[in-house]
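# Tertiary structure, described
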Amino acid sequence: MMSLPNALTREEIIRWLHEKNEEKLHQLWQWADEIRTSVVGDEVHLRGLIEISNHCSRRCSYCGINAGNTSLVRYRMEKQEIMDCVDMAQKFGYGTVVIQGGEDYGIKKEWMDDIIRDIKSRTDLAVTLSLGERPIDDLEMWRAAGANRYLLRFETSDRTLYEKIHPSMKSTIFDRVEMLRTLRNIGYEIGGGIMVGIPGQTYVSVYNDLCTFQEMDLDMIGVGPYLPHPHTPLGTEGEEIRKQTPDQIANTELMTCKVVALTRILCPEANIPSTTALGTIDRQLGRVHGLQRGANVLMPNITPLHYRKLYEIYPEKAGNDSTPAETDQLLKELIAGLGRRRGKGPGGRLHTPHRSEEDSRGLPGIHKRMRGRTLIT
Ligand code: 5AD
């Protein structure tokens, strides 16, 4: 057992992000894996992902389904199609369905309310929503209908960079962070996260992202590499920006794994997926490495294949050609191969006994010492 420091300084975190030595990195992976084992255990929770709509009113410059991409055929699933996916999730024994879509105001709040109620009355699945920035009325209605969790990545905590990659938006970073706080107050478990290696993103910026994860005490944290999409502004201009950015952080598998590992160390109780984007940048090892270096969640895609191809937030998403049954089999083998087991039940946020109300809500948490936690000092 290695000795685990219970504080990390800014310098140490930035040093880890720069680390190239394999032996040293092995220590980081081991540390993250030990914390994962001792705090959230060996269960790998499976969330069935349903991509219900690729309509989007936003123009995020990195995202393939942004409103400006006119080369894309748009779809919105019918209620019955969604319910068929829900049945499939239950059949496979998943504990959660994740209902994800672009920020699509064709999704009416009453329509979604009805779907959530149906899922909750028919199954014991947890329902996670990931539908972008919606008015508080919608969020309250969906929570009252029984939705349990909400995912909204803030992408980067660097305000200038955020504004650059979200042009012509009224929102700023603080809106997404603010919305996450609102969601928590309404009673959702909240999930945030970032992309690693956005052109213009620096080491210090990722350090600040990690601070934000800890400060907000997020229940779920999704971290994936930025993958250029040719039909997006950033996909065409990104390379130039990358070259011109001193201290640009790489969008590699390795860098993403470092951020996943540090996330686990700093946020031991969080549910952390080994993301599809990580599995895309390295098809053989990405998702396995994620699970070995801090992650405890997988999100098998159960969207019908003909829609999935159109939900192209980045190109060549891993698993896009596999049927849900094939994916299920593959993940089963992957989990067993790691000596882990599939999670049972909804697999919500764990609350270890040392977590007091003050710890979890009182900001800025990063300056407080919490027993058993690694804090950024
Ligand atoms: N590369 C990697 N991740 C992306 N996302 C969107 N576009 C890309 C891209 N080009 C991620 C964002 C978003 C999530 C649903 O997908 O982080 O929040």
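Per chain, the residues get numbers from 1 upward, laid out in the order the sequence is written. Thresholds applied to this predicted model are a pLDDT of at least 70 for local features of residues and 80 or more for the giving and counting of side-chain atom pairs; totals over whole chains, interfaces and linings are not thresholded and use all residues. Heavy atoms from the whole structure form the basis of all side-chain values; hydrogens and water molecules are not counted.

This part is about the pairing of strand S7 (residues 220-225). The buried label applies to any residue whose accessible area, calculated with a 1.4 Å probe on protein chains only, is under 20% of its type's maximum; exposed applies above 50%, and partly exposed to all values in between. Helix and strand assignments come from DSSP, with helices taken as H or I runs of at least 4 residues and strands as E runs of at least 2, each series counted from the N terminus. Taken across its six residues, S7 has six buried, putting it largely inside the fold. Of the two faces of S7, the one lined by Met220, Gly222 and Gly224 and the one lined by Ile221, Val223 and Pro225 are each fully buried. A right-handed crossover is one whose linking path, passing over the helix from the first strand to the second, runs clockwise when the strands point away from the viewer. Where the polypeptide runs from strand S6 (residues 189-196) across helix H8 (residues 203-216) and back to S7, its parallel neighbour, the crossover connection is right-handed.

This part covers the pattern of salt bridges. Any Lys or Arg side-chain nitrogen located within 4 Å of an Asp or Glu carboxyl oxygen qualifies as a salt bridge. All told, the structure shown has 23 salt bridges when counted by the stated rule. The partner of aspartate 138 in a salt bridge is arginine 134, with the nearest N and O atoms 3.0 Å apart. Overall, the relative accessible area of 6% leaves arginine 134 in the buried class. With a closest N to O distance of 2.6 Å, glutamate 269 and arginine 349 form a salt bridge. With a gap of 80 residues between them, glutamate 269 in the loop between helix H10 (253-266) and helix H11 (276-281) and arginine 349 in the loop between strand S9 (341-342) and helix H15 (357-361) connect regions that are remote in the sequence. Like arginine 349, glutamate 269 is buried. By sharing partners, the salt bridges in this structure join Arg184, Asp217, Asp219, Glu269 and Arg349 into a single network.

Let's shift gears to the packing of aromatic side chains. Each aromatic ring pair is described using two quantities: the centre-to-centre distance and the angle formed by the ring planes. Within 6.5 Å between ring centres, the rings of Phe, Tyr and Trp (the latter by its six-membered ring) count as paired, and their orientation is classed by plane angle as stacked under 30 degrees, edge-to-face over 60, tilted in between. Under the counting rule described, the total for this entry stands at four aromatic pairs. We count a charge as sitting over a ring when the NZ of a lysine or the CZ of an arginine lies within 6 Å of the ring centre and within 35 degrees of the ring normal. A cation over a ring is seen here: arginine 143 above tyrosine 188, with NZ or CZ 6.0 Å from the ring centre. Positioned above the aromatic ring of tryptophan 29, the side-chain terminus of arginine 293 is 4.0 Å from the ring centre.

Let us look at the packing of helix H4 (residues 109-122) against helix H5 (residues 136-145). Interhelical geometry of H4 versus H5 gives an angle of 20 degrees and a closest axis separation of 8 Å. Looking at the two axes, H4 sits roughly parallel to H5. Handedness of the H4/H5 crossing: right-handed. Of the residues in H5, those touching H4 at Lys109, Glu110, Met112, Asp113, Ile116, Arg117 and Lys120 are Asp137, Asp138, Met141, Trp142, Ala144 and Ala145. Here, axes are lines fitted to C-alpha atoms. For helices the fit covers the stretch in contact, and angles between N-to-C directions go from 0 to 180 degrees. The labels follow the angle: roughly parallel below 35 degrees, roughly antiparallel above 145, roughly perpendicular from 65 to 115, and oblique for the rest. Note: crossing handedness is left-handed where the near helix turns anticlockwise from the far helix by less than a right angle, and right-handed where it turns clockwise. Any pair of residues with heavy atoms lying within 4.5 Å of one another is described as a contacting pair.

Let's shift gears to the environment of valine 260. Examined against the element boundaries, valine 260 turns out to sit in helix H10. Judged by relative accessible area, which is 2%, valine 260 ranks as buried. Sequence separation between valine 260 and isoleucine 221 is 39 residues; the distance between their C-alpha atoms is 8.9 Å. Look past the residues within four positions of valine 260 in its chain and what remains in contact with it is Val223, Ile272, Gly290, Arg293, Gly294 and Ala295.

Attention now goes to the nonpolar core. Within the largest apolar cluster, 96 residues are counted, with the highest numbers of intra-cluster contacts made by Leu129 and Tyr188. The leading source of residues in this core is H10, at eight residues. Setting aside residues no more than four positions away along its own chain, tyrosine 188 makes contact with Leu129, Leu139, Trp142, Arg143, Ala147, Asn148, Arg149, Tyr150, Leu183 and Asp219. By nonpolar core is meant a set of buried Ala, Val, Leu, Ile, Met, Phe, Trp, Tyr and Cys residues that side-chain atoms within 4.5 Å join together. The next biggest cluster of nonpolar side chains, apart from the first, holds six residues, and it includes Val98, Met220, Val297 and Met299.

Further remarks concern the site of the ligand. Every residue lining the ligand is accounted for by Tyr62, Cys63, Arg153, Glu155, Met195, Pro225, Tyr226, Leu227, Ile313 and Tyr314. Under the rule applied, a polar contact is a pair of N or O atoms within 3.5 Å (in protein, one hydrogen donor and one hydrogen acceptor; residues adjacent in sequence only if both atoms are side-chain atoms). The separation between a nitrogen atom of the ligand and a polar main-chain atom of tyrosine 62 is 2.9 Å. One of the backbone N or O atoms of leucine 227 is found 2.7 Å from a nitrogen atom in the ligand. Accessible areas in this description were obtained via Shrake-Rupley with a 1.4 Å probe; residue shielding takes into account the shown protein chains only. Its free accessible area being 410 Å², the ligand has 88% of it covered by the protein chains. Counted by class, the shell around the ligand contains eight nonpolar, no polar and two charged residues. The criterion for a residue being near a molecule or strand is simple. One of its heavy atoms has to lie within 4 Å of it. Each residue is assigned to one class: nonpolar for Ala, Val, Leu, Ile, Met, Phe, Trp, Tyr, Cys and Pro, charged for Asp, Glu, Lys and Arg, and polar for all the others, Gly among them.

As a further point, take helix H9 (residues 233-244). Along its 12 residues, H9 runs 17 Å from first to last C-alpha, staying within 8% of the 16 Å computed at 1.5 Å per residue. Taken as a whole, H9 has its buried residues at Leu234, Gly238 and Arg242. Along H9, the residues classed as buried sweep out an arc of 65 degrees about the axis, all on the same side. In H9, those exposed residues whose orientation departs by more than 90 degrees from the buried face are Thr236, Lys243 and Gln244. At its buried positions, H9 is contacted by helix H6 (159-165). The span expected for a helix works out to 1.5 Å for each residue beyond the first. Picture the helix axis, draw a direction to every C-beta atom, and the arc is the one those directions span.

Moving on, we come to the side chain of histidine 289. Among the secondary structure elements, histidine 289 is positioned in helix H12 (residues 286-292). Excluding residues that lie within four positions of it along the chain, histidine 289 makes contacts with Glu253 and Cys257.

We note that aspartate 217 has phi near 50 degrees; this positive angle belongs to a residue other than glycine. Position of aspartate 217 relative to the elements: it lies in the loop between H8 and S7. Since its relative accessible area comes to 8%, aspartate 217 is described here as buried.

The score called pLDDT rates the predictor's confidence residue by residue, from a low of 0 to a high of 100. Summary statistics for the protein give a mean pLDDT of 92 and a share of 92% for residues scoring 70 or more. The low-confidence segment residues 355-370, where pLDDT is below 50, has 32 contacts with residues more than four positions distant or belonging to other chains.

With that settled, the discussion passes to the pairing of S6. Across the eight residues that make up S6, a large majority, eight, are buried. By the alternation rule, side chains of S6 split into Glu189, Gly191, Gly193 and Met195 and Ile190, Gly192, Ile194 and Val196, which are all buried. Only strands that DSSP links by at least two bridges are regarded as paired with each other. Pairing geometry for strand S5 (residues 149-151) and S6, over three bridges, is parallel. Note on S6: the bridge partner recorded for tyrosine 150 is isoleucine 190.

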